Amino acid sequence: MSKKVDNQSFNIPIITTQLDLETELYRYPAENTFILTDENTAALLPDLIKTISKLQNAVTIEIPSGEANKTINTCLNIWQKLSNNQVNKKALIINLGGGVITDLGGFVASTYKRGIDFLNIPTTLLAMTDAAIGGKTGVDLDNFKNQVGMISSPIGIYYDSNFLSTLPKNELISGFAEVLKHGLVKSKSYWEKCTNISFDDLNWEDVILGSVEIKCAVVKRDPYEKGERKLLNFGHTIGHAIETFMMNQSTPIMHGEAVAIGIICESYISTKIAKLSKAELEEITTNISKLFPKIELKKSTFLTLIELMRNDKKNISNEINFSLLDSIGKGIYDQNCSEEMIIEALSYYTER
Ligand code: GLY
């Protein structure tokens, strides 16, 4: 990356130059440096090693890709490998990949011998702008995403926007849902910057750094999600339920596709119980619909979706907790709404 993020003001160790990455890596002996990859990101290693010489002798651990492998069994295999090789507390795990790798690798590192260092090298837009930042680590349990995990910070997050050129377009669009969410809850000017230009003409370095700045600022103020960080769940209450439902039906959709539906539905709710205007709802719906394919959701599934929302770990009572919008760029959190309102919002999406 050619641009720098001011590390001091965010207090989150964003690394944007190869030199700074090499400097971090020199603190760990090569035989104690592990790179966690999946079969996709393993292919990125030869080029990375060419530029970051300190990685040449690191040990690679490869796991199968995909959300279905974000389980405690995968962790067990990695812990076993580390333990069998008598890896000590001075080790470093480098998580090279998307959100599954950064979430799972961060969890493995944070629990092995009560915690060894880890560093994230996100390779997808979703991981760069969301998953790799903010210390959320963990794995899924049964059908519940991120049911087991902890907040634990990496020693660094290394950014190289060139990784995005290896991503299929649908992956890029999926990650863009989180980017748009950042604009919607925190910055109208960032939302406009991301939507007033065609998707293919976006400058990815600027997009990434804009999202990183927004997310870092929120996480720095509220790392344990007691208040403001809940804003980042906008679109996810309904989005997660749809994602889980589709996974259970064996017709999985991408995380960003589910969040995009969640953003439309939760924007609709925002016009009813928060202050979002109808004009801004229309602006949001139009921009999201341009990028994300319409997913068919039958009315008969709505109650099942609401049941899934009730199981969301963000709820603290029987109420379903929402983050909503007062306007584009101004999110609010800890909002509850009736089942009828959720059904109305899902109908708004399906009937368009
Ligand atoms: N993905 C939302 C958060 O990190 O808080």
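Since the model is a prediction, treat every value here as computed from it, not as a measurement. (Residues numbered from 1 in each chain as written. Predicted model: local features only at pLDDT ≥ 70, side-chain atom pairs only at ≥ 80, totals over all residues. Heavy atoms only, no water.)

### Observations concerning the side chain of Glu266
Relative to the assigned elements, Glu266 resides in helix H11 (residues 255-273). With a relative accessible area of 0%, Glu266 lands in the buried category. For Glu266, the side chain forms a polar contact with the main-chain nitrogen of Gly235, separated by 2.7 Å. Looking at Glu266, its side chain comes within polar contact range of the main-chain nitrogen of Thr237, at 3.2 Å. (Helix = DSSP H or I, 4+ residues; strand = E, 2+ residues; numbered from the N terminus. Buried < 20%, exposed > 50% of the residue type's maximum accessible area, 1.4 Å probe, protein only. Polar contact = N/O pair within 3.5 Å; in protein donor to acceptor, adjacent residues only side chain to side chain.)

### Digging into the packing of helix H10 (residues 236-248) against helix H13 (residues 302-310)
Interhelical geometry of H10 versus H13 gives an angle of 115° and a closest axis separation of 9 Å. One way to sum up the angle between H10 and H13 is to call them roughly perpendicular. In terms of crossing hand, the pair formed by H10 and H13 is right-handed. In this structure, H10 uses Thr237, Ile238, Ala241, Ile242, Thr244 and Phe245 to contact H13, whose residues at the interface are Thr304, Leu305, Leu308 and Met309. Of the residues contributing to the contact of H10 with H13, the split by class is seven nonpolar, three polar and no charged. (Axes fitted to C-alpha atoms, helices over the stretch in contact; angles between N-to-C directions. Parallel < 35°, antiparallel > 145°, perpendicular 65-115°, else oblique. Left-handed = near helix turned anticlockwise from the far one by under 90°. Contact = heavy atoms within 4.5 Å. Nonpolar A, V, L, I, M, F, W, Y, C, P; charged D, E, K, R; others polar.)

### Here we look at the pattern of salt bridges
If you walk through the whole model with that rule in mind, you get 22 salt bridges. For the salt bridge of Glu67 with Lys145, the shortest nitrogen-to-oxygen distance reads 3.4 Å. Separated by 78 residues along the polypeptide, Glu67 in the loop between strand E3 (59-63) and helix H4 (72-84) and Lys145 in strand E7 (residues 144-151) bring together distant segments of the chain. Taken together, the salt bridges that share partners define one network made up of Glu67, Lys70, Asp103, Asp140, Lys145 and Glu243. (Salt bridge = Lys/Arg side-chain N within 4 Å of Asp/Glu carboxyl O.)

### Overview of unusual backbone geometry
Apart from glycine, the bulk of residues carry a negative phi angle, and the bulk of peptide bonds sit in the trans form. The phi dihedral of Glu225 falls on the positive side, at around 55°, and the residue is not glycine. Relative to the helices and strands, Glu225 is located in the loop between helix H9 (204-221) and H10.

### With respect to the site of the ligand
Taken together, the neighbourhood of the ligand is formed by Asp130, Lys136, Lys215, Glu225, Arg229 and Leu232. Between an oxygen atom of the ligand and a side-chain N or O atom of Arg229, the distance comes to 2.7 Å. Looking at the shell around the ligand residue by residue, the classes come out as one nonpolar, no polar and five charged. (Near = heavy atom within 4 Å.)

### Quick look at the pairing of strand E5 (residues 117-122)
On any regular strand, side chains alternate: one points to one face of the sheet, the next to the other face. Buried residues dominate E5, accounting for five of its six residues. Across six bridges, strand E4 (residues 92-97) lies against E5 in parallel orientation. Bridging from a neighbouring strand, Leu96 pairs with Ile121 of E5. Crossover connection from E4 via helix H5 (residues 99-111) to parallel E5: handedness right-handed. Note: E5 against strand E8 (residues 156-158), two bridges, orientation parallel. Directly across from Leu119, in E8, lies its bridge partner Gly156. (Pairing = 2+ DSSP bridges. Right-handed = clockwise from strand over helix to strand, strands pointing away.)

### Description of the sheet that holds E5
Strand order across the open sheet formed by six strands is E1-E8-E5-E4-E2-E3, with parallel pairing between neighbours. Bordering the open sheet on either side are strand E1 (14-15) and E3, each of which pairs with just one other strand. Where strand E2 (residues 33-38) and E3 come together, five bridges link them in parallel fashion. Along E3, the bridge assignment pairs Leu36 with Ile61. Taken strand by strand, H5 contacts E2, E3, E4 and E5, and its axis lies near 170° from that of E4.

### With respect to the packing of aromatic side chains
What the rule picks out here adds up to five aromatic pairs. With a centroid separation of 5.9 Å and an interplanar angle of 85°, the aromatic rings of Phe176 and Trp204 are classed as edge-to-face. One end of the pair, Phe176, is in helix H7 (residues 169-186); the other, Trp204, is in helix H9, with 28 residues separating them in the sequence. Looking at Trp204, the relative accessible area reads 16%, which means it is buried. Considering the side-chain rings of Phe199 and Trp204, the 5.4 Å spacing of their centres and the 70° angle between planes classify their relative orientation as edge-to-face. (Phe/Tyr/Trp six-rings, centres within 6.5 Å; stacked < 30°, edge-to-face > 60°.)

### So, H4
For H4, spanning 13 residues, the distance from its first C-alpha to its last is 18 Å, which sits close to the expected 18 Å at 1.5 Å a residue. Contact partners of the buried residues in H4: E2, E3, E4, H5 and strand E6 (136-141). Positive backbone phi, at 50°, marks Gln86, one or two positions downstream of H4. (Expected span 1.5 Å × (residues − 1).)

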